[in-house]
Amino acid sequence: MPDVPTTCPPAASASSEAAAKREASPACDSAVEKQLCPDQKRAKHSGSKARNKKKLPRKANADEAMLDAIELMMRNAWRDAAPDADPQSMPKAFGWPANDSHAEADFCRAPPIASKLSGGQPSECEIDVHVHELTERGVGLATRESAHDLRQLALAGMRPWAFLVPFTLRGETVRVRSVRHEWGYTQSDLLAVVQKSPLRVDVPCRYFGQCSGCQLQHMAYADQLDFKRQMVQRALDHANPLFSNLPVSRVIQSPLEFGYRTKLTPHFDIRKDTTPENVAIGFALVGQRKVLDIEDCMIGTDTVRAGAKKAREVTKAKIASYKRGATLLIRETNVPKDHPESDVTDVPASGLVKDYVLDHKGWVTDLVGELKFRYPASSFFQNNSSILPAFTGYVRDELSKWNQNLSDATSQGSTRVLTHLVDAYCGSGLFGIACHSDFEKVVGIEISNESISCANNNAKMNGAHNCDFLLGDASKIFDKVDASPMNTAVIIDPPRKGSNPDFLDQLIAYGPRVIVYIACGVPAQARDLNHMFSRGAIFIDGSTAPVEVKPASVYTVAGVQPFDLFPQTYHVENIITLVRQD
């Protein structure tokens, strides 16, 4: 490292031989072009212009989450370097003048070293880097600069080249191999930990570091929980700086750190260069479009692991009959003790035992406490049953607490203010059925016929006679709710991509008294919360966003509670409670 921190130099080699090897590399094109006269440039591109253009890193193809993580790293380094400085004096951009797309492109297309996929030799692609942050996906964000030098760069408004390195921890120095250049950063393989963090722990899984399924096994579980809480805070802050002051509760941990997952979907590919007996069945190899053969997955329940072993045996026996790859399905289910094939409807939870389903067209019976839920094996349902009683219990307790608080505030005593519950994105009815006993009426809404059928059958099976699950038009989602919004609570549990502006605008217009937003995609949840804020519907830091027409319903954020449904991975679920001000 130089004594004085500098920005990364353009891609170039000390020898003409090395430069010749990398001339065709898209990562080096901008650096090479700077040395050519216009006639040479035209000649260079005349025969392969289209091909080279396709290979150049493009901002449109970059991962926005990674670009955001790099920007956050630089802002944090600036704050660490100047803790007493006026936040308004922070540079608007690091590495180039704000909004200067040409300067940005010059930097982001000129990595400091070659990469494996651009034809670089091992000696050209290997480098020691320092890990400064973890991204929201648990990947180390590193630079060649030390923490001290990074802070000096940030103070000068400059930016280093970033390297993404899986399976690392903050503060570590690691040796990496540059694999693929992206817009301003490089995807890298971890070769060795040169200086390890005191937080690094031994991992129990023999596949860790190669399998893409788990990202955090090298981190103690308590530290995983802290990391996930920080990720929730980071997502909120990124969506809107005003959200940075929202208190985020400690993550509620899973009762099981391993052996919790009730569903596994290993897959395999049929490749021309692989004999049938050597076909790998498992999960994606990190950073490659190949499958890693996995004989046993430690995060699966004992039942699922037994099912996976059986599925591998069956598939291996008939592998020659496959023309292309396939995805296997192993799901845990519950069946009657003495008659596994009989109907579970009238059998209490205590009369059921664990089994597995391998057929995509089969049916699964899941238990959440004493409640039973039946659904097609190929459909969505939460995959960690050990935490579901606490997960659904929190939602139920939040609604009950606010029902009581609102009753006390309106001097209604024991009379419930919240009499109706709407379960949007209801799926198989998990939350609506789990919370039904505290409401006069529960209405679940979905746009899937199959889900509605399952939800109604599950309500009947669990004696939730006040539940009615309806097929809803996404453009008129609340038209089938006949209760006053002042007496209604709404649960929303959208897919990972979050909700959409049209639904959120309908939600604001309807104006329920309490909203409980359950998210498996926290950045999308934070984005949706910011959309509501932009409509003037979220009251925070003493005010709402300035809007031409103030909505009738304005909400305060009454709670932010993360849950860890997927230990050893970067995934985190989060529940935000919104309470209408009036």
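Residues numbered from 1 in each chain as written. Predicted model: local features only at pLDDT ≥ 70, side-chain atom pairs only at ≥ 80, totals over all residues. Heavy atoms only, no water.

Trainee: Residue-level account of the nonpolar core, with values.
Mentor: Core analysis: the largest hydrophobic core is formed by 68 residues, its most contacted members being Val 395, Leu 399, Ile 491 and Val 514. Counting residues per element, this core draws most heavily on helix H11 (residues 388-409), which supplies seven residues. With residues near it in sequence (within four places) discarded, Leu 399 still touches Leu 418, Leu 421, Cys 435, Phe 439, Ala 489, Ile 491, Val 514 and Val 516. Among the nonpolar cores identified, the runner-up in size contains 38 residues, and Ala 235, Ile 515, Val 522 and Leu 578 belong to it. (Core = buried A, V, L, I, M, F, W, Y, C linked by side-chain atoms within 4.5 Å. Buried < 20%, exposed > 50% of the residue type's maximum accessible area, 1.4 Å probe, protein only. Helix = DSSP H or I, 4+ residues; strand = E, 2+ residues; numbered from the N terminus. Contact = heavy atoms within 4.5 Å.)

Trainee: Any details on the sheet that holds strand E6 (residues 263-264)? Residues and values, ideally.
Mentor: If you walk across this open sheet you meet the three strands as E6-E11-E12, and the pairing is antiparallel. Strands with a single pairing partner mark the edges of an open sheet, and in this sheet they are E6 and strand E12 (352-357). As defined by bridge partners, strand E11 (residues 330-336) adjoins E12 across six bridges and the pair is classed as antiparallel. Each bridged residue has a counterpart across the sheet, and for Pro 336 the counterpart in E12 is Leu 352. Docked against the sheet, helix H10 (residues 302-317) engages E6, E11 and E12, running at close to 115° with respect to E11. (Pairing = 2+ DSSP bridges. Axes fitted to C-alpha atoms, helices over the stretch in contact; angles between N-to-C directions.)

Trainee: How would you summarise the packing of aromatic side chains if you had to cite specific residues and measurements?
Mentor: One pair of aromatic rings is described through two measures. These are the centre distance and the angle between the planes. According to the stated counting rule, one finds 13 aromatic pairs in the structure shown. Where Tyr 375 meets Phe 381, the ring centres are 4.6 Å apart and the plane angle is 15°; that geometry is what we call stacked. With respect to class, Tyr 375 is no different from Phe 381; both count as buried. Aromatic pair Tyr 425 and Phe 503: ring centres 5.3 Å apart, planes at 65°, arrangement edge-to-face. Of this pair, Tyr 425 sits in the loop between strand E15 (420-424) and helix H12 (430-434) while Phe 503 sits in helix H14 (residues 501-510), placing them 78 residues apart in sequence. For Phe 503, a relative accessible area of 4% gives the class buried. (Phe/Tyr/Trp six-rings, centres within 6.5 Å; stacked < 30°, edge-to-face > 60°.)

Trainee: Describe helix H9 (residues 221-239), listing the residues and the values that go with them.
Mentor: Taking 1.5 Å of rise per residue, 19 residues should cover 27 Å, and H9 covers 27 Å from first to last C-alpha, within 8% of that figure. Among the residues making up H9, those that are buried are Tyr 221, Gln 224, Leu 225, Phe 227, Lys 228, Met 231, Val 232, Ala 235 and Leu 236. (Expected span 1.5 Å × (residues − 1).)

Trainee: Can you break down unusual backbone geometry residue by residue, with the values?
Mentor: Even without being glycine, Asn 99 reaches a positive phi, approximately 70°. Structurally, Asn 99 is set in the loop between helix H5 (64-81) and helix H6 (101-108). When its relative accessible area of 82% is taken as the criterion, Asn 99 is described as exposed. Residue Phe 167 is not a glycine yet carries a positive backbone phi of 65°.

Trainee: Tell me about H6, residues and numbers included.
Mentor: Along an α-helix, residues three or four apart share an orientation, since each turn contains 3.6 residues. Within H6, burial applies to Glu 104, Ala 105, Phe 107 and Cys 108. Buried residues of H6 fall within an arc of 165° about the axis and therefore sit on the same side. Near the N-terminus of H6, the side chain that reaches the backbone nitrogen of His 102, with its oxygen 3.3 Å away, is that of Asp 100. (Arc of directions from axis to C-beta. Polar contact = N/O pair within 3.5 Å; in protein donor to acceptor, adjacent residues only side chain to side chain.)

Trainee: An account of the sheet that holds strand E17 (residues 467-471) is needed here, citing residue identities and associated values.
Mentor: The strands making up a sheet associate through hydrogen bonds between their backbones, and the pairing can be parallel or antiparallel. Spatially, E17-E16-E15-E18-E19-E22-E21-E20 is the arrangement adopted by the eight strands of the open sheet, whose pairing is mixed. Single-partner strands in this sheet number two, and they are E17 and strand E20 (538-539). Sheet topology note: the E15/strand E18 (residues 488-492) ladder contains five bridges and is parallel. Residue pairing in the sheet places His 420 in a bridge with Thr 488 of E18. Its contacts with the sheet put H11 on E15, E18, strand E19 (514-519), strand E21 (555-563) and strand E22 (573-580), and the angle it makes with E22 is roughly 10°.

Trainee: Residues and numbers for the environment of Gln 525, please.
Mentor: Residue placement: Gln 525 occurs in helix H15 (residues 522-534). Note on Gln 525: relative accessible area 1%, which makes it buried. Through-space distance from the C-alpha of Gln 525 to that of Ser 499 is 7.8 Å; in sequence the pair is 26 residues apart.

Trainee: Please provide a residue-by-residue account of the side chain of Asn 466, values included.
Mentor: Its place among the elements puts Asn 466 in the loop between helix H13 (449-461) and E17. Here the side chain of Asn 466 touches His 436 through a polar contact of 3.0 Å, landing on its backbone oxygen. Aside from chain neighbours lying at most four places away, what touches Asn 466 is His 436, Phe 439, Glu 440, Lys 441 and Val 442.

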